[in-house]
Amino acid sequence: MAEQYDPKEAEPRIQKWWEKEGIYGFDKKKVKNAKKIYSIDNPPPTISGKMHIGHAFQYSHQDFMARYKRMNGHLIYYPFGTDDNGLPTERLVEKLKKVRSLSMSREEFIKLCLETLKEITPAFIQDWKNIGVSCDYNYYYSTIDDNSRRISQKSFIELYKKERIYKKEFPTIWCPECQTAIAQAELEDKELPSKFNTIRFETEGKEILIATTRPEMIPACVAIFVNPKDKRYKHLIGKNVKVPLFNYEVPIISDESADIEKGTGAMMVCSYGDKYDVEAIRKNKLTPRIVFNKEGRMNAEAGKYKGMKIKEAREKILEELNEKGMIKEQKPIIHTVNVHDKCGTEIEFLTTEQWFIKIMDLKKKLVELGKKVKWHPEYMRKRYENWVEGLEWDWTISRNRHFGVPIPAWNCEGCKEIILPEEKELPVDPLVTKKKCPKCGRNAVGEEMVLDTWATSSVTPQICSSLINNEIKAPYSLRTNAHDIIRTWDFYTIVKLYLHEGTIPWDNLMISGFVKLQGEKMSKSKGNVVEPQEVMSKYGADALRYWAASYKLGEDLNYNEQEVTVGKKFVTKIWNATNFVMMNLPEGYKIKKPKKLHETDRLFLEEINEIIKLSTKEFETYEYSKSKKAADDYFWKAFCDNYLEIVKGRVYNGNEEEKESAYYTLYTILLTIIKLMAPFTPYITEELYQKHFKKNEEEKSIHLSSWPEEIKIKDTTKKRVLEELLKIISLVRQEKSTAQKSMKAEIILTIEKKTQELLGEEVMNDLKGVTGAKEVKTGKFAVEFL
């Protein structure tokens, strides 16, 4: 063996060998006769950037499970996809190809996207290969490729025919920056500075005070609500109030939604300031006054403020209110507002015609479906349930964008018929393909809008199944993702699979936490991004994976490079420990169980059996971090710190029987440790397996070998014997350290008679050897230096 293991040289070499040998290849011909199948609905990363540290963390977690299940005898279906049908990809292609998507037809731009993706995808995917994600990359999809568009459009057609999809003009959540309708799930809370303004309205010559943070919505005011229990305003119910600056009147309406304790107790109802306004206007059959357009600019209803951006109008209206003495009070505040998660822009409510999937009647069923999935950790299910129970609208699935999966529909403007394509026509772009109305014969108008990206991402189980001719179908064994997309990807996939197939999408759902830096979310603008590529270059992929395996699911964490160095130390230690063991085994050693096991060897084999059982149990419950800790602790503390030191004497100076037992135990325990750590550190374990174990084992890769099973030894459990042995060794080492003596220093050891009897002759001989005891006396524990 080389003196040192160099991950920079070894990892690319091993990775190429894995690919050449098809180590992780999926053979769909084996599906029919497979006893155990483990399928993974792999989260497709957005190809607009490169792997970030959160990806490295989360994808390592799912790969731990894939590798464990593969070694445990499962046929693994583990495809890889990329998410390419949204705004990030549109902007990336525009940048790379120096084009504007709006200057091209959608069909042309999608074609350019697919050509560009073909060029850049191999380099993008390489990051996942480098970190050791053991997908079969031959089974690959892009969410904008022909097959994915076909499946997404087929989903739309099926749900329309089931009367789950409808088109309606309705006040929807609107992003003025992206100029599209968005869904409730795409909202994020953001704290922003604002002004809390108390404005003077007028009724019958007297003032009524209204508090608002959005004075630009004053021209959109359609009513004032007061609580029927509020004595201050009871006499005003049914009267009209004059809107300041715009001088039109609106009614004062009694409504319990007006909070007596909030602001002045009188509430301005506008079209539309928020979701409550939408409901209030609908319930009271009020006529809306829309004051801004899709670009987020004020319209003619706003009078002289027409053409201004919303925030600009806010400041101008405040200036005029102040000049006219219409502001009673104004104070700065920090408040929470809803922003679009894609761009961070404050959202508005705007009446537009959109497509929806009806889900509000399914809330109870969706909670039930969530309970059928095994959540890891279990408490994450509550986040899903809270989201479902808090739903207020149906799912808006249309987007007013140029690029994306086209909505496969045409509208006859004459008889208002919605025309859908045949399945054999998919994928289709209604802006390219022309259709006539089957009822009146007129030319139908192709739908311009595209599907929400989640409308396609929510059918990834069907997309994955289509890659193998539906040999494997939902429910898949596993999905993994971070907790931020429980409300989007997980929720929408549960919705779609239920509506299409009446089942859950997966049996198990693993939720990872966020990786932060000093408590802050990483972002390029803050300059606090950790690049996994740089970490791997410095320490190797195994070290990064070892770090990722050290944390429980669901927990956010701060990135700490010192913890990656611990992984690097493990790689070095297992290399050196294997080096020592192999140097001391006979040349060409063939594994052979001895006729008689030395008692110390039996004790350590008994302990590794406990570790095998524990590691297996933890993996089966998706507690990979506990599995790794159990194997890792045994390697460092039991094997390296104690067994290797104890067994040296017999390896060097023992008789033939003692050596045979030592050789067998060294080989068996070391191979077991390497297998137990293989899901976490695949490169170093493969290297060691190929160099030293493959000649005695059947499988060509450690990752195709069987997961360790309990080693058959005589069941004469004496755990207390090993505990006592290790306790005495530790005490002797402490004494030598305190006395500043070498660990090889010779001693006279005194221990109690009952301890000597407990340990027995064979263990006592090993104790003498490892402690350097030239004589053992009977009595209270003591160490005398010679």
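What comes next concerns the included structure. The structure presented is a predicted model; accordingly, all values stated were derived computationally and were not measured. (Residues numbered from 1 in each chain as written. Predicted model: local features only at pLDDT ≥ 70, side-chain atom pairs only at ≥ 80, totals over all residues. Heavy atoms only, no water.)

### Focus on the overall build of the chain
A count of helices and strands for the chain gives 21 helices and 29 strands. Once the C-alpha set of the chain is aligned to its principal axes, its extents read approximately 110 × 60 × 45 Å. Relative to its full complement of 786 residues, the chain shows a buried share of 55%. Considering only intrachain contacts with a sequence separation of at least 6, the fraction spanning at least 24 residues in the chain is 77%. Total accessible area on the chain stands at roughly 36,000 Å², and carbon and sulfur atoms take up 47% of it. Between the mean site of the 129 positive side-chain charges and the mean site of the 119 negative ones, the chain shows a separation of 1 Å. (Helix = DSSP H or I, 4+ residues; strand = E, 2+ residues; numbered from the N terminus. Buried < 20%, exposed > 50% of the residue type's maximum accessible area, 1.4 Å probe, protein only. Contact = heavy atoms within 4.5 Å. Areas by Shrake-Rupley, 256 points an atom, 1.4 Å probe, with all protein chains shown as cover. Lys, Arg positive; Asp, Glu negative; His and termini not counted. Charge placed at Lys NZ, Arg CZ, Asp CG, Glu CD.)

### Some points on the pairing of strand β1 (residues 37-41)
Within β1, four of the five residues are buried, leaving the element largely enclosed by the surrounding structure. Where β1 lies against strand β2 (residues 75-77), three bridges are found, and the strand directions are parallel. Directly across from Tyr-38, in β2, lies its bridge partner Ile-76. Of the pairings in the sheet, the one linking β1 to strand β22 (residues 476-482) comprises two bridges and is parallel in character. In the strand pairing of β22, Asp-41 is matched with Arg-479. (Pairing = 2+ DSSP bridges.)

### Some thoughts on the packing of aromatic side chains
Summed over the entire model, instances satisfying the criterion amount to 41 aromatic pairs. Aromatic pair Phe-570 and Phe-635: ring centres 5.4 Å apart, planes at 75°, arrangement edge-to-face. Here the residue Phe-570 occupies a position in helix α15 (residues 561-584), and Phe-635 occupies one in helix α17 (residues 624-653), the gap between them amounting to 65 residues. We note that Phe-570, like Phe-635, is buried. Lying over the aromatic face of Trp-18, Arg-67 brings its terminal NZ or CZ to 5.2 Å of the ring centre. When the ring centre of Tyr-546 is taken as reference, the NZ or CZ atom of Lys-628 above it lies at 3.7 Å. (Phe/Tyr/Trp six-rings, centres within 6.5 Å; stacked < 30°, edge-to-face > 60°. Lys NZ or Arg CZ within 6 Å of the ring centre and 35° of its normal.)

### Details of the packing of helix α16 (residues 599-620) against helix α20 (residues 719-738)
Axis separation between α16 and α20 bottoms out at 10 Å; the angle between their running directions is 105°. The orientation of α16 relative to α20 falls into the category roughly perpendicular. Between α16 and α20, the contacting residues are Thr-600, Leu-603, Phe-604, Glu-606 and Glu-607 on the first element and Lys-719, Val-721, Leu-722, Leu-725 and Leu-726 on the second. The residue inventory of the contact of α16 with α20, partitioned by class, reads six nonpolar, one polar and three charged. (Axes fitted to C-alpha atoms, helices over the stretch in contact; angles between N-to-C directions. Parallel < 35°, antiparallel > 145°, perpendicular 65-115°, else oblique. Nonpolar A, V, L, I, M, F, W, Y, C, P; charged D, E, K, R; others polar.)

### Overview of the sheet that holds strand β29 (residues 782-785)
To summarise the sheet geometry, strands pair through backbone hydrogen bonds and adopt either a parallel or an antiparallel arrangement. Strand order in the open sheet formed by three strands is β28-β27-β29, with mixed pairing between adjacent strands. A strand with exactly one partner marks an edge of an open sheet, and here the two such strands are β28 (773-778) and β29. Shown here is a sheet whose adjacent strand axes are inclined to one another by a mean of 20°, direction ignored. Most of the contacts of α20 go to strand β27 (residues 747-751), to which it runs at about 135°, and overall it touches β27 and β29.

### Things to note about the nonpolar core
Counting 192 residues, the largest nonpolar core has Phe-156, Trp-395, Phe-491, Trp-547 and Phe-639 as its most contacted members. Top element by residues in this core is α17. It accounts for 13 residues. Other than its neighbours up to four places away in sequence, Phe-491 contacts Ile-359, Leu-366, Tyr-384, Trp-387, Val-388, Leu-391 and Ile-486. Of all hydrophobic cores here, the second largest spans 37 residues; its members include Ile-224, Val-241, Phe-246 and Cys-270. (Core = buried A, V, L, I, M, F, W, Y, C linked by side-chain atoms within 4.5 Å.)

### Here we look at α17
Its 30 residues give α17 an end-to-end C-alpha distance of 40 Å, which sits within 8% of 44 Å, the value for a rise of 1.5 Å per residue. Of all the bends in α17, the largest measures some 40° and sits at Phe-639. (Expected span 1.5 Å × (residues − 1). Bend = angle between axes of the 7 residues up to and from the residue.)

### Here we look at empty space enclosed by the protein
What the rule picks out here adds up to three cavities of 30 Å³ or more. In this structure, the largest cavity encloses a volume near 80 Å³. If you go around the largest cavity, the residues you meet are Phe-170, Pro-171, Thr-172, Ile-173, Ile-182, Ala-183, Gln-184, Phe-349, Phe-356, Trp-393, Asp-394 and Thr-396. The set of elements that each furnish at least two residues to the lining of the largest cavity consists of β5 (165-175) and β14 (348-357). The biggest single contributor to the lining of the largest cavity is β5, with four residues. Split by residue class, the lining of the largest cavity holds eight nonpolar, three polar and one charged. As for the second largest cavity, its lining consists of Ala-183, Gln-184, Ala-185, Ile-359, Trp-387, Leu-391, Trp-393, Asp-394, Trp-395, Thr-396, Phe-491 and Tyr-492. Broken down by class, the residue content of the lining of the second largest cavity amounts to nine nonpolar, two polar and one charged. (1 Å grid on protein atoms, 1.4 Å probe; cavity = no way out; pocket = protein on both sides within 12 Å on 5 of 7 lines; lining within 4 Å. Points joined across faces, edges and corners; volume = space filled by probe spheres on them.)

### Considering the state of the cysteines
Summed over all chains, the structure comprises zero disulfides. With no disulfide of its own, Cys-437 lies 3.3 Å from the sulfur of Cys-415, the closest cysteine sulfur. Of all cysteine sulfurs in the structure, the one in Cys-135 sits closest to Cys-464, which takes part in no disulfide; the separation is 9.7 Å. Residue classification places Cys-464 among the buried residues on the basis of a relative accessible area of 0%. (Disulfide = S-S within 2.5 Å.)

### Overview of helix α12 (residues 486-501)
For α12, the buried fraction is high: 14 of the 16 residues fall into the buried class. Looking one or two places after α12, you find Gly-502, whose phi comes out positive at around 70°.

### Remarks on the sheet that holds β14
Strand order in the open sheet formed by four strands is β6-β5-β14-β16, and the pairing between neighbours is antiparallel. Edge strands, defined here as strands with exactly one partner in the open sheet, are β6 (180-181) and β16 (395-396).

### A word on the pattern of salt bridges
Enumeration over the complete set of coordinates arrives at 55 salt bridges. Between Asp-41 and Arg-479 there is a salt bridge, with its nearest N and O atoms 2.7 Å apart. Here the residue Asp-41 occupies a position in strand β1, and Arg-479 occupies one in strand β22, the gap between them amounting to 438 residues. A single network of salt bridges, built from pairs that share partners, joins Arg-214, Glu-216, Arg-314 and Glu-348. (Salt bridge = Lys/Arg side-chain N within 4 Å of Asp/Glu carboxyl O.)

### Side note on a negative patch on the surface
On the surface, Glu-188, Asp-189, Glu-191 and Asp-484 cluster together into a negatively charged patch. Note that Glu-188 resides in strand β7 (residues 187-203). Here Glu-188 falls in the partly exposed class, since its relative accessible area comes to 36%. (Patch = residues over 30% accessible without salt bridge, like charges linked within 9 Å, V, L, I, M, F, W, Y side chains within 5 Å.)

### Notes on the side chain of Gln-62
Relative to the assigned elements, Gln-62 resides in helix α2 (residues 53-71). You can call Gln-62 buried: its relative accessible area is 0%. Excluding its chain neighbours within four sequence positions, the residues that come into contact with Gln-62 are Ile-40, Asn-42, Pro-43, Tyr-78, Thr-480 and Met-510.

### Brief notes about unusual backbone geometry
Of the consecutive residues His-376 and Pro-377, the connecting peptide bond is found in the cis state with omega at 0°. With respect to the element layout, Pro-377 can be found in the loop between β15 (374-376) and α9 (380-389). Backbone torsion omega between Leu-426 and Pro-427 reads -5°, so that peptide bond is classified as cis. By secondary structure assignment, the location of Pro-427 is in the loop between β19 (418-419) and β20 (445-446). Positive phi, close to 50°, is recorded for Glu-204, a residue that is not glycine. Assignment of secondary structure puts Glu-204 in the loop between β7 and β8 (206-212). The exposed category is assigned to Glu-204, whose relative accessible area is 60%. One non-glycine residue with positive phi stands out, namely Lys-416, at about 65°. Relative to the elements of secondary structure, Lys-416 occurs in the loop between β18 (410-411) and β19.

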